[in-house]
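For reference, the chains in residue letters:
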Amino acid sequence: MILLFADIEDGVRLWEADGDAMAAVSARYDHLVRGRVEGCGGRVFKVVGEACRAVFADPVAALLSAVAIQRAAGAEPWASGLPVRVRVALHCGACAECDGDYVGPVVNRAARLLDIGHGGQVLVTAAAYALLADRLPAGIGLRDLGEQRLRDLGRAERVFQVTGPGLAEGFGVLRSLDDPALRHNLPSQATSFVGRAAELAELRALVSGGSRLVTIAGPGGIGKSRLALQVAADALDGTGDGVWLAELASVAEPGLVARATAAALKVSEAPGRPVLDTLIGAIGDRDLLLVLDNAEHLLGAVAELAGAVIRSCPRVSLLVTSREPLGISGEHVFRVPGLAVPPAGLTAPDRLAAFESVQLFAEHAALRRRGFVIDEASAAAVAAICVRLDGIPLALELAAARLGSLSAAEINARLDQRFSLLTTGNRAALPRHKTLRALIDWSYDLLSPAEQVVFGRLSVFAGGWTLDAAEAVACGGDVADWQVLDLLAALVGKSLVQAEVTGGPTRYRLLETIRHYAAERLALQAGPGQHDTYAAHRDHYLALAETAVAHLTGPDQGSWLDRLDADQANLRRAGEQAVAAPDGTALVLRLGVALHRYSIARSRQQQALELLMTAIRRPDADADPALFAAALVSAAHTACWVDINTARHLAGQAVQVTRQLGDDRLLSRALGALCTACHFAGEPETGATFGQESVERARRVGDDVLLAESLAHYFVAIDPVRSLEMVSEAIACTERSGDHFYNCLLHNNVGIAALIIGNIPAARAHLEALAHPAQQIGWESAEVPANLGLALRAEGDLDGARSMFEASLRISRRNGDSRGMAYGILYLACVIGDLGDWDRAGVLHGSLQAFQDRAGIPWDEFDTRHREDSLAQARARMGDEQLERAYAQGMALSLEKALDLAFSTEAGLRNPDHAAARGALGEAVSDATCTRGRTLSQAAPAAAGSLSAREREIMALLAGGASNARIAAVLYVTPNTVRTHLDRIRDKTGARNRAELTRYAMQAGIEPVVPSP
Ligand SMILES: Nc1ncnc2c1ncn2[C@@H]1O[C@H](COP(=O)(O)OP(=O)(O)OP(=O)(O)O)[C@@H](O)[C@H]1O
Ligand SMILES: [Mg+2]
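Residues numbered from 1 in each chain as written. Chains lettered and ligands numbered in written order. Predicted model: local features only at pLDDT ≥ 70, side-chain atom pairs only at ≥ 80, totals over all residues. Heavy atoms only, no water.

K.L.:
Would you mind showing me how to read the overall build of the protein chain here?
P.N.:
In terms of regular secondary structure, the protein chain is built from 49 helices and 16 strands. Taking 31 Å as the expected radius of gyration for a compact globule of 1013 residues, we find that the protein chain reaches 31 Å, a close match to that expectation. Dimensions of the protein chain, computed from the C-alpha atoms along their principal axes, are close to 90 × 80 × 55 Å. Per-residue burial for the protein chain yields a buried fraction of 58% across its 1013 residues. Of all intrachain contacts in the protein chain linking residues separated by at least 6 positions in sequence, the fraction that spans at least 24 positions is 71%. Accessible area of the protein chain: about 39,000 Å², with a carbon and sulfur share of 53%. (Helix = DSSP H or I, 4+ residues; strand = E, 2+ residues; numbered from the N terminus. Rg over C-alpha atoms; globule rule 2.2 N^0.38 Å. Buried < 20%, exposed > 50% of the residue type's maximum accessible area, 1.4 Å probe, protein only. Contact = heavy atoms within 4.5 Å. Areas by Shrake-Rupley, 256 points an atom, 1.4 Å probe, with all protein chains shown as cover.)

This is the structure in C-alpha cells:
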C-alpha cells in the first residue's frame, strides 16, 4: 500500500497572515489535490486543514499523482499572490485500517517525512524507492538526498527527491534533525514514536505558552523520557538557541548536576568559579529549551539548578523528567498516563490498531517475529496483554520481546499466572510500578544463569558502553569473555538492553528502571561480584585512557578524542571508583596523567586538575617516583590553564622531582610548564630561561611531539619576532607527528605574535592555517576568530572583522568565559567605531570598563593599545561631552544588555539618550527579533545591501546546495565559522532556514555557485 501525503508549507502562517485569501486557496487546493489523486486511481482517506492523506495500490500511479499535484500547484495563480507551496511525500508499508482511516508506524513515518520537505518538493522513502526505481516513467528521476533523521527521533530514513520537467529544484537542506541550522544534541531512538498526540499538544502549549519549568512525572517505564525528547524535537524550528538534553541518569552525585548540564550545553568551566555560576552566566539570556532527563535521584540539586536558571535566565524553558516532582514554586507538573488501551471486549483487529498501546506492542512484536500482524488469532490476546500491562510502554516492550519463543496467547496466559500470584486474584490492587516490576521479574527469571550474571554486571556502566567494554567488565567467574557477545545479544533480544547502532561502534545502554533493577540484582549476587565488577569497570576505562595517550598526539587524535567523549560518564565513574578505593592513589594518578592531553583539548582542565590534586596531596602519592613526577608534570601543565599560582608551585616541584629522577622527557615538559607559569606570574626572564632549557632537552630526546610542545611554551616567553622566526620548526614537528592540537595552538599563538608586531599577512596565514586541523579534532576556541578579526580589521575588511568578533563573542558567551567576553566586546566596540557607529562604540567601551572593574580582569598591553586608539578616535569624532555621556551610559549597562547591544544589527544609535530612555538599549534586541519575524519579501531588499562580500559568497554556495562542511572546505574556514556567518546572515535577512536563505539569495540576485567536487 502506497501512501501519498500532501500539505501547504507554512500553512498556519499563511492563515494567520490572510485568512480570507487562504479560505479561497484552501478550497482550490483541495480540488486540485483530490483531482490529481483520484485521476491517478488513488483515494483520499483523510483531510485535516490542508493536510491531505491518500492511498494507492500502484506505486507508479502514486508517483504520477505526486508529480501532477506539484505541476498543477506550480502553475496555479493562487489567490492574492500568496506564496502557496505544496509539499508531497510518498511512503509505503503495511498499515492497519480503522473506520476508513489508516494508522500505525508507517502512517506516522509518512507524516514525519512530509514535515522535513520544502514547498514544491516531492519526497520518497527508501521503501517506496525500492518499488519505483526500475519502473520510473520517462523523464522522472529520484535523487538520493541521503540518510535523514526525522522528527520522531527514530532510525534515520534514506530519502529521495523526485525530479523531472515542471518540478522545482534547488531546495537546499531538508528540515530534518540533521539540518545544521538546528542546534540540538538529541539522540536517535531505535523505534518510532507512538501516539501521545494529546500529551504532546498539551506539553507543547505549556512550554511555548510560558511555563518556564515543566516536570514530566510518572512511574518508571511509563515513557517520560521519550515524551520529553519528542516535545524537544518538535520544538526545534531553527530559531533561538536550540534544545539541549542533559542526561542525569548517570550522574551519581548531586554536586555534579551543574557540571553535567554545563557539559551538555558545551559550557567550559571557568577556573575558580562555581560551575553553577558559570553555567548561569553562559546561558544568560539565550533562548533555549533545556531538558533535564531522569532527575529523581537528584531532586534537591536539580531543584536548585532549575531555580537559579529560572531566576537568572529569562529565555530558558526547562523540561524535567522525574518519577517525583521537584516541588519548587513555579513548577508545572505533568503526569504521564499509560498509552491508550482498548476497552474490554474489543477484539476486532482493525479497531484494536487504533490504540497506542497496541501500536507499540505491534511494532516491537514485528521486530521479534518477522511479519507479525495482529489478526483474528492473536487479537484477543494482544488486547488483553495491553490492558493487563496498563499501557506501560516498557512493560509492553518486554512482553513483546517474548514473541520470539511464545505466541501472544501464551504470553497472556503466563501473565495471568504471575499477576494472580501478585494480587491474589484482585487485579485492581496492582499499582503500575508493581505491574512493571512483575514484568521485569518475569523477564529476569527467564534468563539463563549466565545472562542473569551479565545483566547485573552491566548496571555498573554509566551512559552506555561498547562491546569490548562489556567483554572486559562483564566476564569473570563462570562467564568467559568470548561468551559476552552472545549473552549481550540475548539481552538485547529480550529488550532488557538497548542497542544503538549509529555511524561508529554499536553502543548499548540500560533504560533507567532496568538499570536500577540490574544494580539490585548485582548487589544480591553472591561472593565478591559487585566489588569485582566495579574494579573491572575502573580498570577497563583506565586502560582505555592509557591506550588513548599514544593516539592523542598523533594523526588519529580526532577519532580518539571522540571516543573518549563518548565515554565521559564512564571515565568519570572510573575516577570516582579510583578515588574511593582504599589503595587507589596510584590509580587516580595514572588516570589523571592519561587524561591530561584530552582534558586540555576539550577544555576540561578544571575537572582534570581536581582529580589529580586529590591524589597528589595524599601521603602515599610519591610511592612510585616516576608516576608521581608524571602526575606533577600533568598537573602543572593543566594548572597553567586554570590558576597561575598553583601552576607556578606545581611546575617548580615538578622540575625538582624530574631532575632528581633524571628523566629528560619529563624534565623538558616540567620546564615548559614552569616557563609559561613564570611568564604569566610576572617573571618573564626567568620563564624564558626555563623555556630554553626545556627546548634544549627536547631536542636531545629527539621526539617531535615533545619538541613542538616545549617550543610552544618557549614562544610564550620570548619576543614575537623570534617566535615567528622559529615557529616553522615547531610546526614541521607537528606535521610530522600529526599532532593537530599543538599545530592549532602554535598557529594561533604565533598568529598573535604576528599581530603584535604588525605582520598582518603572516598573522592571517597562521590563523587561517589552523582551520583544517581544528576541524579534524573538533577544536573550538574563541581566541581564533577574535585574532582573525584583528587581522581582517588591520586589512580594512571591517564587515569581515565584525563577523569574526561576533563569532568569538558567541563562543565566549556560550562558555561563560569572562576573559573572552571582555576582549570580544572590546574588539567589537573598536570595529563598530571603525564602521562609523561611534555612539554605540562609546557605550560599549563604557560597558566594558564596568565589566572589567567587576570581574577584575587586567588589560594586557596589546589590548590596551586597541582600546586607547579606539577611544581617542571616538573622542575626536564625538567630542568629549558626547563620548563621556555614551561611556557613562555603558557603565550602567548589565553585561547581558551590553552583549545584546554588541550583537544588535540595528542601525546606528544616533542618540544614546533616546536609547537609554527605551530601557537601557534592551529594545535594540526586541527590534532585532522583530526583523527576524518579518516576512522574507519585506526583509530582502533592505538587508541585501548589508551583506558583506564574505556573506554573499556563503549565500551563493548555500544556494548552490553546498552543506556547511562543503562551504567550510571551499572557503578554507571551519564549519563553526560558516555557522557563525550563517547566524549573522539570518539575523540580517530574517530567513530562518536553508530553504528561506536560498530563496532570499535568489530574490537578492545572488547567483548560486555549485562548488566543484
Ligand atoms: N510514545 C512512545 N513511543 C514509542 N516508544 C515509547 C513511547 N514511550 C515510551 N517508549 C519506550 O518505552 C521505554 C520506556 O520509556 P522511557 O524510558 O521514556 O520511560 P521513563 O518513564 O523515562 O522511565 P524511567 O522512569 O525508568 O526513566 C523506552 O524504550 C521508550 O523508547
Ligand atoms: Mg526516563
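K.L.:
Quick question: what am I supposed to make of the nonpolar core here?
P.N.:
A general tendency of soluble globular proteins is for nonpolar side chains to be buried together. With 213 residues, the main nonpolar core has F361, F455, L458 and W465 as its most contacted residues. Of all the elements, helix 38 (residues 818–834) adds the most residues to this core, at 11 residues. When sequence neighbours within four positions are dropped, the list of residues in contact with F455 reads Y444, L447, L491, L496, L510, I514, Y517 and A518. In this structure, F56, A72, W78 and L82 belong to the second largest nonpolar core, which totals 41 residues. (Core = buried A, V, L, I, M, F, W, Y, C linked by side-chain atoms within 4.5 Å.)

K.L.:
Before we go on, may I ask you to explain the site of ligand 1 in this structure?
P.N.:
Neighbouring residues of ligand 1: 21 residues in total, closest V194, K224, S225, N294 and T513. In this structure, E397 approaches ligand 1 through a side-chain N or O atom, which is 2.8 Å from an oxygen atom. Calculation on ligand 1 without its partners gives an accessible area of 630 Å², and the protein chains cover 96% of this total. The set of elements that each furnish at least two residues to the shell around ligand 1 consists of helix 7 (224–235), helix 14 (393–401) and helix 20 (512–524). Class assignment of the residues belonging to the shell around ligand 1 gives a composition of 8 nonpolar, 7 polar and 6 charged. (Near = heavy atom within 4 Å. Polar contact = N/O pair within 3.5 Å; in protein donor to acceptor, adjacent residues only side chain to side chain. Nonpolar A, V, L, I, M, F, W, Y, C, P; charged D, E, K, R; others polar.)

K.L.:
Quick question: what am I supposed to make of the environment of G104 here?
P.N.:
Secondary-structure assignment places G104 in the loop between strand 6 (101–103) and helix 4 (105–116). Between the alpha carbons of G104 and E500 there is a distance of 23 Å; along the sequence they are 396 residues apart.

K.L.:
Please explain the sheet that holds strand 7 (residues 122–125) as it appears in this structure.
P.N.:
Pairing between the strands of a sheet comes from backbone hydrogen bonds, and it takes one of two forms, parallel or antiparallel. Here we have 7 strands laid out as an open sheet, ordered 2-3-1-4-7-9-8, and mixed in their pairing. Strands with a single pairing partner mark the edges of an open sheet, and in this sheet they are strand 2 (43–48) and strand 8 (141–148). Across this sheet, the average inter-strand angle for adjacent strands is 25°, counted without regard to direction. Of the strand pairs in this sheet, strand 8 and strand 9 (residues 157–163) are connected by 6 bridges, and their pairing is antiparallel. The residue of strand 9 that forms the bridge with E147 is R158. Against the sheet, helix 4 touches strand 1 (2–8), strand 3 (51–56), strand 4 (86–92), strand 7, strand 8 and strand 9, its axis set at about 150° to strand 4. (Pairing = 2+ DSSP bridges. Axes fitted to C-alpha atoms, helices over the stretch in contact; angles between N-to-C directions.)

K.L.:
I'm lost on the coordination of the magnesium ion (ligand 2) in this one. Help?
P.N.:
Reference values for coordination geometry: four tetrahedral donors around a metal ideally subtend 109.5 degrees, six octahedral donors ideally subtend 90 or 180 degrees. Taken together, the protein donors to the magnesium ion (ligand 2) comprise S225 (OG) and N294 (OD1), at separations of 2.0 to 2.7 Å. You can see S225 sitting in helix 7 and its partner N294 sitting in the loop between strand 12 (288–293) and helix 10 (299–312), a full 69 residues away along the chain. Among the residues examined, S225 registers a relative accessible area of 22% and is labelled partly exposed. (Donors = N, O, S within 2.8 Å, 3.2 Å for Na, K, Ca; no water.)

K.L.:
Can you help me understand the pattern of salt bridges in this one?
P.N.:
Close approach of charged atoms allows side chains of opposite charge to pair. For the structure shown, the criterion picks out 47 salt bridges. Across the pair D10 and R13 runs a salt bridge, and its minimum N-O distance is 3.2 Å. The partly exposed category is assigned to D10, whose relative accessible area is 24%. We classify R13 as partly exposed; its relative accessible area is 38%. Between R764 and E768 there is a salt bridge; the shortest N-O distance is 3.0 Å. Separated by 4 residues within a single helix, R764 and E768 lie in helix 34 (residues 760–769), roughly one turn from each other. Residue classification places R764 among the partly exposed residues on the basis of a relative accessible area of 26%. Each of R112, D115, R204 and D234 takes part in salt bridges that share partners, so that together they form one network. (Salt bridge = Lys/Arg side-chain N within 4 Å of Asp/Glu carboxyl O.)

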